[in-house]
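Residue-level listing of the chains:
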Amino acid sequence: MPAHVLFVLALGFALLTSSCLVSAKVVHHTFYVKNVTVQKLCQERTITAVNGKSPGPLIRVHEGDNLKVHAVNRSPYNITIHWHGVFQRLSPWADGPEYTTQCPIQPGDGYVYNFNITGQEGTLWWHAHVQSLRATVHGALIIYPKKGRSAFPFPTPYKEYPIILGEWWNANVFDVENQALATGGAPNISNAFLMNGRPGHLYPCSSNDTYKLSVTHGKRYLLRIINAALNTQLFFKIANHNFTVVAVDASYTEPYDTDVVLVAPGQTTDVLLTANQSVGSSYYMAARAYISNTGVAYDNTTTTGILQYKGSSHSTSSSSSSTPVMPTLPAYNDTDTATKFNTNLTGLVNGTHWKQVPLKVDVNMLMTVGLGLISCGPNATCAGPLGQVFAGSISNFSFQFPTKLSMLQAHFNNVSGIYNANFPDQPAVSFNYTNTNDSLNKSLVFTTKSTTVKEVKYNTTLQIVFQDTALLGTENHPMHLHGFNFHVLAQGFGNYDPSTDPTKFNLVNPQIRNTIGVPVGGWAAIRFRANNPGVWLMHCHLDEHLMPGLATALVVDNGGTPSSTLPPPPSDLPKC
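Since the model is a prediction, treat every value here as computed from it, not as a measurement.

Colleague: Sorry, what's going on with the side chain of Glu177 here?
Modeller: Mapping Glu177 onto the fold places it in helix 2 (residues 173–183). Each residue touching Glu177, except ones within four places of it in the same chain, is listed here: Gln131, Ser132, Asp543 and Met547.

Colleague: Explain the pairing of strand 2 (residues 43–50) here, please?
Modeller: The side chains of a regular strand alternate, residue by residue, between the two faces of the sheet. Looking at chain direction, strand 1 (residues 26–40) and strand 2 are connected through 8 bridges and run antiparallel. Considered in strand 2, the bridge of Asn35 is made with Thr48. The turn joining strand 1 and strand 2, which pair antiparallel and follow one another in sequence, is formed by 2 residues; a positive phi near 55 degrees is taken by Leu41.

Colleague: How should I be thinking about the sheet that holds strand 31 (residues 534–540) in this particular structure?
Modeller: Pairing between the strands of a sheet is mediated by backbone hydrogen bonds and can be parallel or antiparallel. Taken together, 5 strands build an open sheet; the order of strands is 24-32-31-26-29 and the sheet is mixed. At either end of the open sheet lies a strand with only one pairing partner, and these are strand 24 (454–456) and strand 29 (515–518). The mean inter-strand angle of the sheet, taken between neighbouring strand axes irrespective of direction, is 20 degrees. Where strand 24 and strand 32 (residues 551–556) come together, 3 bridges link them in parallel fashion. Along strand 32, the bridge assignment pairs Val456 with Val556.

Colleague: Sorry, what's going on with the sheet that holds strand 18 (residues 282–290) here?
Modeller: Ordered by their spatial adjacency, 5 strands build an open sheet running 11-19-18-13-16, and the pairing between neighbours is mixed. Every other strand in the sheet has two partners, leaving strand 11 (211–215) and strand 16 (261–263) as the edge strands with one partner each. Between one strand and the next, the sheet's axes are offset by a mean angle of 25 degrees, whatever the strand orientation. Strand direction decides the pairing type here: strand 11 and strand 19 (residues 302–309), joined by 5 bridges, are parallel. Residue Ser214 lies in a different strand from strand 19, and its bridge partner there is Gln308. The strands touched by helix 4 (residues 335–343) within the sheet are strand 13 (233–238), strand 16 and strand 18, with strand 16 carrying the most contacts at an inclination of about 90 degrees.

Calculation rules
Residues numbered from 1 in each chain as written. Predicted model: local features only at pLDDT ≥ 70, side-chain atom pairs only at ≥ 80, totals over all residues. Heavy atoms only, no water. Helix = DSSP H or I, 4+ residues; strand = E, 2+ residues; numbered from the N terminus. Contact = heavy atoms within 4.5 Å. Pairing = 2+ DSSP bridges. Axes fitted to C-alpha atoms, helices over the stretch in contact; angles between N-to-C directions.

As structure tokens, then:
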């Protein structure tokens with residue numbers, strides 16, 4: 001059936017469906033993206049932000065709502081907005097990554113992101129998807145249960161608060177990234193971490209730039225924790241308090257009790273907190289780095305906020321001299337704590353939007369994820385290892401974004417030459433992936449740039465094993481897939497063994513995520529059904545790895561029915 005006929009049928013199907021969504025509404029926002037001047041860490045800096053603030057607007061919607069965000073670019077940079085974790089069913093034109101689903105919004109232009117919130121609820125977020133601008137262009141997106149349905153599958157909290165963890169440079173982040181790209185080296189490390197935009201007491205000139213959260217003794221609170229940092233996984237603790245994890249990446253979990261949370265860039269974690277400590281005291285909320293590759297420079301600072309009980313000195317006086325209690329945070333390289341947290345989470349079977357693990361696999365893939373080098377060129381020396389150019393790659397393909405047209409436009413209009421669909425199911429060269437003796441092995445470490453993607457038929461069930469490599473040091477890579485959630489079947493250390501490791505798979509109640517931290521020197525196995533037509537970026541959510549190429553894309557064909565056929569692009573889609 002011709003695509004235009006399918007789209008007309010899809011439109012009729014959508015109109016019929018919309019008549020049943022009597023409780024749904026249209027939620028409007030306008031994002032003015034522009035430069036603002038702020039004071040931070042004793043310095044005056046110009047940053048790019050939405051509506052003059054970073055973090056930007058908190059968006060609250062219900063499942064079933066239609067969200068329309070008019071993004072107006074008043075900054076000097078190209079911009080796009082990605083709605084991290086939103087499925088974008090039949091609205092991939094609104095997903096946001098530059099040159100994947102759209103060309104960027106150029107300075108002075110605008111674009112309306114128009115999409116429905118379907119089949120999901122919980123804590124997600126939005127951020128810029130152009131180079132490193134998401135360092136300051138980001139905010140929370142909270143999806144509440146569909147109106148008329150009971151609220152949560154856990155005890156109702158008294159109040160809820162987003163906790164957005166970020167990263168700060170005493171420099172223009174665009175310049176930091178461009179310098180790395182120009183020299184071929186790694187970008188400079190950050191100068192601070194932030195909690196809801198504030199660094200906290202431990203940094204210079206920041207005694208009045210500390211996030212404070214007032215609670216009432218005996219009440220239960222829901223904290224929606226988001227890691228918006230560019231390059232750092234973060235441990236988060238509150239002194240003398242415990243958490244119960246109830247959701248990750250907007251998917252409910254079996255309740256999991258812990259005193260520490262690990263969140264990778266891109267991930268969200270919802271926890272219940274009971275205010276059960278002394279009213280006469282206050283307590284630091286603190287976050288600092290988890291660094292799995294300790295052979296590199298990293299930001300070893302700690303951001304803090306203050307949890308203050310109503311009736312305590314801190315809740316009545318901002319100048320109180322009493323010192324909050326500080327939590328004991330894990331060591332920077334505490335992989336045991338990171339592994340314990342990541343592997344103890346399980347999905348809430350029969351919870352809202354729970355999906356069973358598909359048992360029949362159509363495509364099995366092993367993707368090596370890691371760092372390597374590309375040639376600096378003849379008679380030249382670059383800032384990367386061996387005097388070459390630092391690169392990221394998946395199965396030795398270092399991703400090069402197109403610039404003439406987005407991949408989604410090329411796919412929809414059958415335009416050739418923008419990308420190739422030759423991504424292999426297995427790496428071309430098999431080796432001892434996690435053998436540290438192969439670090440800087442010149443026969444393995446070099447890669448090349450290309451725009452190589454994987455194309456699959458609609459409704460294909462994929463199993464992907466992400467395998468870390470040691471060519472430039474092993475590291476935990478938070479891998480994010482646009483357009484889908486996936487089941488995390490298992491995680492392990494060393495090289496994945498296809499004959500024995502599948503016996504470790506959890507096919508009953510695995511956690512469901514959109515971003516998974518691949519263990520340092522190890523592997524993670526995921527499974528999902530490709531039932532969302534479009535072009536979907538898959539990448540490491542460490543910006544310092546995405547920038548030099550640790551990415552690819554999944555192209556999912558139309559399914560041949562009205563509800564599985566891409567609509568044409570909106571009339572205001574930005575042009576390259």
